[in-house]
Amino acid sequence: MESLAESMREQPAMPRFEDGSVNLRELVRRLAENVVNAIMDAEADQLCSGGANSRNGYRERNLVTCVGDITMRIPKLRSGSFFPEDVVERYQRVDRAVVSAVAEMYATGTSTRKVQRIAEKLGISRLSKDQVSTIAKGLDADVAELMGRDLADARTPYLWLDATYVKCRRDGRVASTAVVTAIGCDEGGWRRVLGLSVVDTESYDSWLGFLRRIKGRGVHGVQLVTSDAHKGLVNAVEEVFQGASWQRCAVHLMRDCMREAGSRQLKKRVGRIMSPAFRAKDAATARAMYHVACDMLRDCCPKAADVAEGAEPDALAYLAFPPSHWKRLRTNNVQERANREIKRRSRVVQVFPSERSLERLVGAVMCELDEQWSESRYFAYGKIQELCDEKRKKEPEGAGRPAADLAEAARKMIIASLELAEKVDAA
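Let us look at the structure shown here. (Residues numbered from 1 in each chain as written. Predicted model: local features only at pLDDT ≥ 70, side-chain atom pairs only at ≥ 80, totals over all residues. Heavy atoms only, no water.)

**Comments concerning the overall build of the protein**
When helices and strands are counted, the protein shows 16 helices and seven strands. A burial count over the protein gives 48% of its 427 residues as buried. By sequence separation, contacts in the protein at least 24 residues apart represent 68% of the contacts at least 6 residues apart. Just so you have it, the protein exposes about 21800 Å², and 49% of that area is on carbon and sulfur atoms. (Helix = DSSP H or I, 4+ residues; strand = E, 2+ residues; numbered from the N terminus. Buried < 20%, exposed > 50% of the residue type's maximum accessible area, 1.4 Å probe, protein only. Contact = heavy atoms within 4.5 Å. Areas by Shrake-Rupley, 256 points an atom, 1.4 Å probe, with all protein chains shown as cover.)

This is the structure in C-alpha cells:
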C-alpha cells in the first residue's frame, strides 16, 4: 500500500469547520476516496506486471456515497480494460443520461403529467436542481473526453458510418433530427467510437464537416468505409478519405432491390435470389453468383435488376479484403446495433427538449459501447494482420475456372437456396 501512504502524505491539512473543529465527514470522504483509488492503482499495476500490458492514464467517475461524492480515478490500459465492478455499476451513466433529459424537460416547461409519466418508468419520484446539475456535469465530462480524445495512435483501416433519427424540439417545434455516428476498427482489431454529432439533416455538408472533424483528430489509414448509399455521405467519404474503398451495405442494397418489387411474394423472391451471392466462400464465386442473380432478377423484376447491376462495384468492394473479414465488412451491422440501443434509450424520453440533451444521451450510449468494446477485439489479432499479407493479393481462389463453369455452379447454388427456402415455407 505504498501508493496509499504516498497519497496520504500529499493530502492538505485535516479538514476543519470554521470554528476549528475537525470535519469528520470530509475526513472520512477523503480517506474513502484515497483508499479506493489506491486499490485500483495496485490492481492495474498487477495486470500490467510482466510487460504484457501497460497503463494509459485515467478516466474519472463520480460516485455518490453516504459520506459525500468521491472521485474515482479508474486506470486505463492500452489493451483491454479495467473496471472496479464491485465498487460502481459499470454502465450507470446511461440511465443518468435519461434522467438528465427528463429533468431538462421539467425545466423547459413540458407537460408535467407527461414528464411525470416518463419519470415513473425510470423509478424517479423527485429530482432536485443539485441532482440534475451533478448528473449533467458528469455526463458532459465523459462525452467530452470520448469526443476529444486523440485518434492518431493507430491506423484505422475499417470505418462504419450511419445516421439514426430521433424527435427533438428545435426552434419551438418538434422535428426529426439526425444523429450521425462513426465507428472504427484499428490495426490492433479493436473497435472504437470515433465521433458523433447532432445535425439538421443527413446532408453532404453535415457529413463533410463531421468527417473532417474526425480526420482532424487523427483518423488515418482508412482502407474501407461501409455505409448505406446516401449520396451526400458517399460524396463526403470520397473527398475526406481519398483512396479508401466504399462498401455499400449488402443488407441495405437488398432492401433497395426488394423495394422495387410490387407484391409481397415478389419482394421475398428478390431477397432470396440476392442473398446467396453474399455468402460465397471465394471472390470468383461471389462475383459469378452476383451476375447470375442479376440475370435472374431481370426475368422477374427488371427494376430490381437495374439497382443490383448499378451497385455491383460497391456491393462487392469487401472482396478485395481478407475473406475472414468479409462477414463484418459487407454490412453495417455494427452501426445498426448501436442505433438500436440509441433508439431504445431515447424511446423513454420520446421528444428531447433540446439538441444538447439529445447529444448528451447519445454520447452516454456511445461511451457505454466504447467501454464494452474495449474488453474484446472485433477481429482477432492474427486475423487483422492478414491485411498486411501479400499472399492474399495474388490470384483469388476459383479465378482459374472457366467462366461458364463458374456461372453454372453459381446458378445451381442460387436455385438450391430458393428450393430450400420454399420447403421451409411449405413446412
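The structure having been displayed, the exposition proceeds.
**What about the packing of helix H10 (residues 283-300) against helix H11 (residues 302-315)?**
Look at H10 against H11: their axes get within 7 Å of each other, and the N-to-C directions meet at 160 degrees. When the interaxial angle is binned, H10 and H11 end up roughly antiparallel. Crossing of H10 against H11: the hand is left-handed. Contact residues: Tyr290, His291, Cys294, Leu297, Arg298 and Cys300 in H10; Pro302, Ala304, Ala305, Asp306, Ala308, Glu309, Ala311, Glu312 and Ala315 in H11. In terms of residue class, the contact of H10 with H11 is built from ten nonpolar, one polar and four charged. (Axes fitted to C-alpha atoms, helices over the stretch in contact; angles between N-to-C directions. Parallel < 35°, antiparallel > 145°, perpendicular 65-115°, else oblique. Left-handed = near helix turned anticlockwise from the far one by under 90°. Nonpolar A, V, L, I, M, F, W, Y, C, P; charged D, E, K, R; others polar.)

**So, a positive patch on the surface**
On the surface, a cluster of positive charge is contributed by Lys281, Lys327, Arg328, Arg337, Arg340 and Lys383. Listing elements by their share of the positive patch, those giving two or more residues are helix H12 (326-329) and helix H13 (333-349). (Patch = residues over 30% accessible without salt bridge, like charges linked within 9 Å, V, L, I, M, F, W, Y side chains within 5 Å. Salt bridge = Lys/Arg side-chain N within 4 Å of Asp/Glu carboxyl O. Lys, Arg positive; Asp, Glu negative; His and termini not counted. Charge placed at Lys NZ, Arg CZ, Asp CG, Glu CD.)

**Some words on the environment of asparagine 332**
Its place among the elements puts asparagine 332 in the loop between H12 and H13. Judged by its relative accessible area of 0%, asparagine 332 is buried. Taking the C-alpha atoms as reference points, asparagine 332 and cysteine 249, 83 residues apart in sequence, are found 5.7 Å from one another. Excluding its chain neighbours within four sequence positions, the residues that come into contact with asparagine 332 are Trp160, Leu161, Asp162, Thr226, Ser227, Asp228 and Cys249.

**Description of the packing of aromatic side chains**
For the structure shown, the criterion picks out eight aromatic pairs. Judged by centre distance (5.8 Å) and plane angle (70 degrees), the ring pair of tyrosine 158 and phenylalanine 321 falls under edge-to-face. One end of the pair, tyrosine 158, is in strand E3 (residues 158-170); the other, phenylalanine 321, is in the loop between H11 and H12, with 163 residues separating them in the sequence. Each member of the pair, tyrosine 158 as well as phenylalanine 321, carries the same accessibility label: buried. Members of the aromatic cluster, connected to one another through ring pairs, are Tyr158, Trp160, Phe321, Tyr378 and Phe379. If you follow arginine 328 out to its NZ or CZ, it ends over the ring of tyrosine 378, 4.2 Å from the centre. (Phe/Tyr/Trp six-rings, centres within 6.5 Å; stacked < 30°, edge-to-face > 60°. Lys NZ or Arg CZ within 6 Å of the ring centre and 35° of its normal.)

**Concerning the packing of H10 against helix H16 (residues 403-426)**
The N-to-C vectors of H10 and H16 enclose an angle of 65 degrees; their axes lie 8 Å apart at closest approach. With respect to H16, the element H10 is oriented roughly perpendicular. Here H10 and H16 pass one another in a crossing that is right-handed. Listed contacts from H16 to Ala284, Thr285, Ala288, Met289, Val292, Ala293 and Met296 of H10 are Leu406, Ala407, Ala410, Arg411, Met413, Ile414, Ile415 and Leu418. Grouping the constituent residues of the contact of H10 with H16 by class yields 13 nonpolar, one polar and one charged.

**What about the nonpolar core?**
In this structure, Tyr158, Trp160, Met274, Phe278, Tyr290 and Met366 are the most contacted members of the largest nonpolar core, which totals 70 residues. Ranked by residues supplied to this core, first place goes to H10 with eleven residues. Residues within four places of methionine 274 in sequence aside, it is in contact with Leu253, Met254, Cys257, Tyr290, Ala293, Leu297 and Ala308. Grouped together as the second largest cluster of nonpolar side chains are 22 residues, Val180, Leu208, Leu211 and Val222 included. (Core = buried A, V, L, I, M, F, W, Y, C linked by side-chain atoms within 4.5 Å.)

**Notes on the sheet that holds strand E6 (residues 224-227)**
Sheet architecture is open: five strands sit in the order E5-E4-E3-E6-E7, paired in mixed fashion. Each edge of the open sheet is held by one strand with a lone partner, namely strand E5 (191-199) and strand E7 (245-248). Strand-to-strand, the axes of this sheet are offset by a mean angle of 25 degrees, without reference to chain direction. Summarising the sheet, E3 and E6 pair through three bridges and their orientation is parallel. Bridge pairing in E6 places leucine 159 opposite valine 225. Those strands touched by H13 are E3, strand E4 (173-185) and E5, and its axis lies near 20 degrees from that of E3. (Pairing = 2+ DSSP bridges.)

**Some words on the pattern of salt bridges**
By the definition in use, this model includes 22 salt bridges. Across the pair glutamate 26 and arginine 29 runs a salt bridge whose closest N-O atoms are separated by 2.9 Å. Here glutamate 26 and its partner arginine 29 are both found in helix H2 (residues 24-47), three residues apart, which amounts to about one turn of the helix. Aspartate 41 is the salt-bridge partner of arginine 55, the closest N and O atoms lying 2.7 Å from each other. Pair noted here: arginine 55 is in strand E1 (residues 55-65) and aspartate 41 is in helix H2, with a separation of 14 residues, a long-range link. Residue class for arginine 55 comes out partly exposed when judged on its relative accessible area of 25%. Counted as one network, the salt bridges with shared partners bring together Glu26, Arg29, Arg30 and Glu33.

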